[in-house]
Structure formats: C-alpha cells, structure tokens
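# Results of the structural survey
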Amino acid sequence: MTTPVKANAHAEMAQEQVNEEIAALSAAYGRSGTLELQPRRDYGPYRSTILRHPTKDPHHADPEGIERWSPVFGERDVDPLEADLTIQAGGGPLGEKMVVTGRVVDAAGRPVRGQLVEIWQANASGRYIHKRDQHPAPIDPNFTGVGRCLTDDDGTYRFTTIKPGPYPWRNHRNAWRPAHIHFSVFGTEFTQRLVTQMYFPGDPLFALDPIYQSIRDPRARERLVAAYDHDVTVPEVSTGYRWDIVLTGSLPTPLEQDEDR
Amino acid sequence: MSSLPPTPGQTVGPFFHYALPYDGDNELVPPGSPGSVRLSGLVLDGSGDPVPDALIEIWQPDPAGGVVRAAGSLHRDGHTFTGFGRAATDRAGRYTFSTLRPGSVAPGRAPYFAMAVFARGLLHRLMTRCYLPGPEVADDPFLASLETSRRATLTAREDELGYVFDVRLQGEDETVFLEGRRD
C-alpha cells in the first residue's frame, strides 16, 4: 500500500539540516550559562512545536488548594496483570522480552506510593497499534503495547514487556525515532504530573532525534536513558532495565516542616 | 533537604489514543445526572487552528470544596465522584467533560479546575487553571496578580449546559500557563 505523502514543506528537509539546527541550539545553550532541566517547548527542529509552544513566559505560581493533592488510584483501577504486556493475547509477542523497573520518587527521594504508572510503546518492529501509524512494519497480533501498574510502598513500578523497535516519522525526510517507551506518571501533587519517554542505552539515533535533543542539557537528557541491570533480568526468560523517575519537588507536609526546625 | 534533579518530560506524541483514554474517562458523573455540568472547549494552536491530538486532564475538589480521596477513576461505578477526568480532543479540537462544579478549597479563593494539557508537538505538559465565573473571581489573590487582559484567559464562560474554556497554546490571547518555582 502506498500512503500519499501530505504536501509538507518540512517533509523533504534533510537530516543534515536538522542536525545543523540541533547543533546551533546546543551551542547556544552552552554559551548561555543557564541550566535547563526540561525540554524547550520552543524547539524548531521538531517541526510540530512551531505553532504549539507558548510564546509568553509561564506564570510562577506555587501549588495551592487542589493542586497540592493528586488523584487516588487503587485496586479497583488497575488489574495486576496489566503490568505484563506479554500476556495480553493468546500467544507471546515477538521480540526481546525484558523487565523494566524502577522507583518513582520526589525531589527529596521520598517514594511515591500506590500511584498510577501507564506505559505505551511500539512493538519489536517499531509499529504501534494505532490507526494513524502508517509505518509498513508488521503488526504483532499478540502485542498491544499498553500497560498499567501501581507503585508499591517503595515507589517501585515493574513491567514485563518486549523491547520496542525504532520507527520512522514525518518530521523530515528519513527521520527515525530512537526506541522508546512512553511513560505517564502521577505524583503526590497534581503539579508533579509527568508524561515522558524512556530510552535505551547507546542508541545511535539519539544525536539525530529532535525530540530527545529538545532537552538541551546533556546530563538532563541522559536521565531519560534506562540502565541495563543484570539484577532485574529473569534467568532464561528476559533481560532487564532499570529506570528511576524523579518528579519535581513536592511541598513538605506541615509535619515535616516541623521536623526541619 | 536534598534535591534530586527531575526526570525531564517529553511529548505525549501522536499515538497515545489507544493507551491513555479509557471508557468513561471524561464522565466524572453521568451526563444529565443531578448537579452535572458540562465543561468543554477547544484547544487551539498559534494559527487559531484546532489541535485534534491533544489530551486534557482535570483534577478538582467536590462541590463543597472537599479534596476527593476516592479511587476508581479508571473504572467508574457511576456513583463515586473521584475528582479526576481525562479527555482527548476530537477532530475539531474539542474536549468535553461531564462533572460537578468544584467548590473552593480555601476561604477567599475562587473555585477552579486544575488542568493539565498534553499534545503532539508539545514537548512538556502545560499546567493551567480553569476558574468558574462568579463574584469570587474579583477577589482571588492569584487572579489579582495577573494583568487584567491575561486574567480573562483563565476564566470559563457559562453556557446552557455548564462552562466553556478554550486553551490557546500560542498567540495574542494565549492561555496563562503555570509553573512552580521548582519546575
């Protein structure tokens, strides 16, 4: 099947031009002397940001009222089997079976307990079960690529899944996303709400990917890269990766403020 | 207190629709049930065009201003109000919730829905507040700290079924987005 390519001025832009823009924005960051911990929402090499980033400065506001709380999820929300993405169909999915685990903590290192973690990902061939994904790689009938779990008392989440493949996208000609798993995480305050992507160590596509490079600080973007951890593998069954998630700081509770004095 | 650097955000991308939305996600209460209101609006880009691949979440107190501690947002039982809802925008860029009016959590503060905005092309979520129109808005200390012209972007308008609140990601009448000092 041939998918008609939408008329798009960016579609024929070469990777070399994107690389140049990434390099220029990176050099500007190096000269700025500032520390950026988050991606730039205004990041031209990722073309879809152009009309979708705010141009006015965000308004600084400490969380108040309902923002200092987070929704509660519990046993009635999540079936423990949803943490295993390899058993959701009649047979096992193709690909490298792996465990992905880590802790969700706040800036003080305190665990986020009993909170919802949602993930979604492409299959081993780099194809999503989504009608908008036109990548002509095979769909795996035994893999939907969606998982959920609740963190335990230590803030630990744990999924069993398969390693996703890289896939092409239409940002520019021959653009490829590094393999990644999308994560959606809640904290103890709604303002800690985070949606992000976890990557795999040593991916050769990192340097070419404007979404990853939109986090201009090298150390900050490396926080999205999981570590291979032989201790979380399952012998004869799966490899293992560890990736901890640190949410922005929550306010100390009144009790803890007292203890600080 | 030590401070660990945060894990950066990334865009929700174009393929979240089979993962994040769920049955009843945008119906905190059944539409048309006693006390229910509709909260809806458009998500618009810098050209004023609708954003058909955005995701909006709301988190709110109950009508008395109580913080809800009930689980069950992902499998609603039709009776328990959980205060949390999620709505993907449709092809016309519109999101819709059926919910209850939030009360004020603290005296002297105008009631609002806390709102998180995600979209393809948006590299890190945006946070904002959707205030209910009413007399409290004039006295709210946070709203008073904003320029008058920008304050209006945070106040919903009433319609026959509830409230309308558009989210403008960019442009002259861009919505005020919030950032904590530690973000």
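Residues numbered from 1 in each chain as written. Chains lettered and ligands numbered in written order. Predicted model: local features only at pLDDT ≥ 70, side-chain atom pairs only at ≥ 80, totals over all residues. Heavy atoms only, no water.

An unreviewed UniProt entry lists chain B under the name Protocatechuate 3,4-dioxygenase subunit alpha, with Nocardioides vastitatis as the source organism. Turning to chain B, the UniProt record has this under Sequence similarities (unreviewed entry): "Belongs to the intradiol ring-cleavage dioxygenase family." (UniProt positions renumbered as here; feature names shortened; annotations may be inferred.)

The name an unreviewed UniProt entry gives chain A is Protocatechuate 3,4-dioxygenase subunit beta, with Nocardioides vastitatis as the organism. The Sequence similarities (unreviewed entry) comment attached to chain A in UniProt states, word for word, "Belongs to the intradiol ring-cleavage dioxygenase family."

### Observations concerning the overall build of chain B
For chain B, the helix and strand inventory stands at three helices and ten strands. The helix and strand sequence of chain B, counted from the amino end, reads β-β-β-β-β-β-α-α-α-β-β-β-β. Since a compact globule built from 183 residues should have a radius of gyration of about 16 Å, the 16 Å found for chain B is in line with a globular shape. Taken over the C-alpha atoms alone, chain B extends approximately 45 × 40 × 40 Å along its principal axes. (Helix = DSSP H or I, 4+ residues; strand = E, 2+ residues; numbered from the N terminus. Rg over C-alpha atoms; globule rule 2.2 N^0.38 Å.)

### What to know about the side chain of Q10(B)
Here Q10(B) lies in the segment before β1 (37-44). Side-chain polar atoms of Q10(B) contact the side chain of Y199(A), separated by 2.5 Å. Here the side chain of Q10(B) touches I211(A) through a polar contact of 3.1 Å, landing on its backbone oxygen. Residues within four places of Q10(B) in sequence aside, it is in contact with P39(A), V195(A), T196(A), Q197(A), Y199(A), I211(A), Y212(A), S214(A), I215(A), L224(A) and L123(B). (Polar contact = N/O pair within 3.5 Å; in protein donor to acceptor, adjacent residues only side chain to side chain. Contact = heavy atoms within 4.5 Å.)

### A closer look at the packing of aromatic side chains
Under the defined criterion, the tally for this structure stands at 20 aromatic pairs over all chains. Taking the centre distance of 5.4 Å and the plane angle of 80° together, the rings of F186(A) and F84(B) count as edge-to-face. One end of the pair, F186(A), is in the loop between β8 (180-185) and β9 (194-199); the other, F84(B), is in strand β3 (residues 84-88), on a second chain. Looking at F186(A), the relative accessible area reads 1%, which means it is buried. Ring centres of F206(A) and Y212(A) lie 4.3 Å apart, and the angle between their planes is 20°; on these two criteria the pair is classed as stacked. The pair formed by F206(A) and Y212(A) is uniform in burial state, with each residue classed as buried. Here the aromatic cluster, defined as three or more aromatic residues joined through ring pairs, consists of Y128(A), Y167(A), F15(B) and Y18(B). The side chain of R129(B) reaches across the aromatic face of Y112(B), ending 4.9 Å from its centre. (Phe/Tyr/Trp six-rings, centres within 6.5 Å; stacked < 30°, edge-to-face > 60°. Buried < 20%, exposed > 50% of the residue type's maximum accessible area, 1.4 Å probe, protein only. Lys NZ or Arg CZ within 6 Å of the ring centre and 35° of its normal.)

### Some remarks on the UniProt feature "domain: Intradiol ring-cleavage dioxygenases" (unreviewed entry) in chain B
In the numbering adopted here, UniProt assigns the feature "domain: Intradiol ring-cleavage dioxygenases" (unreviewed entry) to residues 21-171 of chain B. Within residues 21-171 of chain B, the helical portion is 8% and the strand portion 31%, while the C-alpha atoms at the span's ends are 28 Å from each other.

### A word on the interface of chain A and chain B
If you look at the interface, chain A gives 81 residues, while chain B gives 77 residues. For the pairing of chain A and chain B, the buried interface totals around 7400 Å² over both sides, and the portion due to carbon and sulfur atoms is 57%. Among the residues chain A hides against chain B, the three largest losses belong to R41(A), R52(A) and I66(A). Together they make up 12% of the total. Put simply, chain A and chain B have eight salt bridges between them. A salt bridge links D77(B) to R76(A); the nearest nitrogen and oxygen atoms lie 4.0 Å apart. Elements represented by at least two residues in the side of chain A that touches chain B include exactly β1 (59-60), β3 (116-121), β4 (146-150), β8, β9, α2 (210-213) and β12 (245-246) of chain A. Take the side of chain A that touches chain B: its biggest share by element is five residues, from β9(A). Tallied by class, the residues present in the side of chain A that touches chain B amount to 39 nonpolar, 24 polar and 18 charged. Bridge count for β1(A) against strand β10 (residues 178-179) of chain B is two bridges, and the pairing is parallel. (Buried area = accessible area lost by both parts, 1.4 Å probe. Salt bridge = Lys/Arg side-chain N within 4 Å of Asp/Glu carboxyl O. Nonpolar A, V, L, I, M, F, W, Y, C, P; charged D, E, K, R; others polar. Pairing = 2+ DSSP bridges.)

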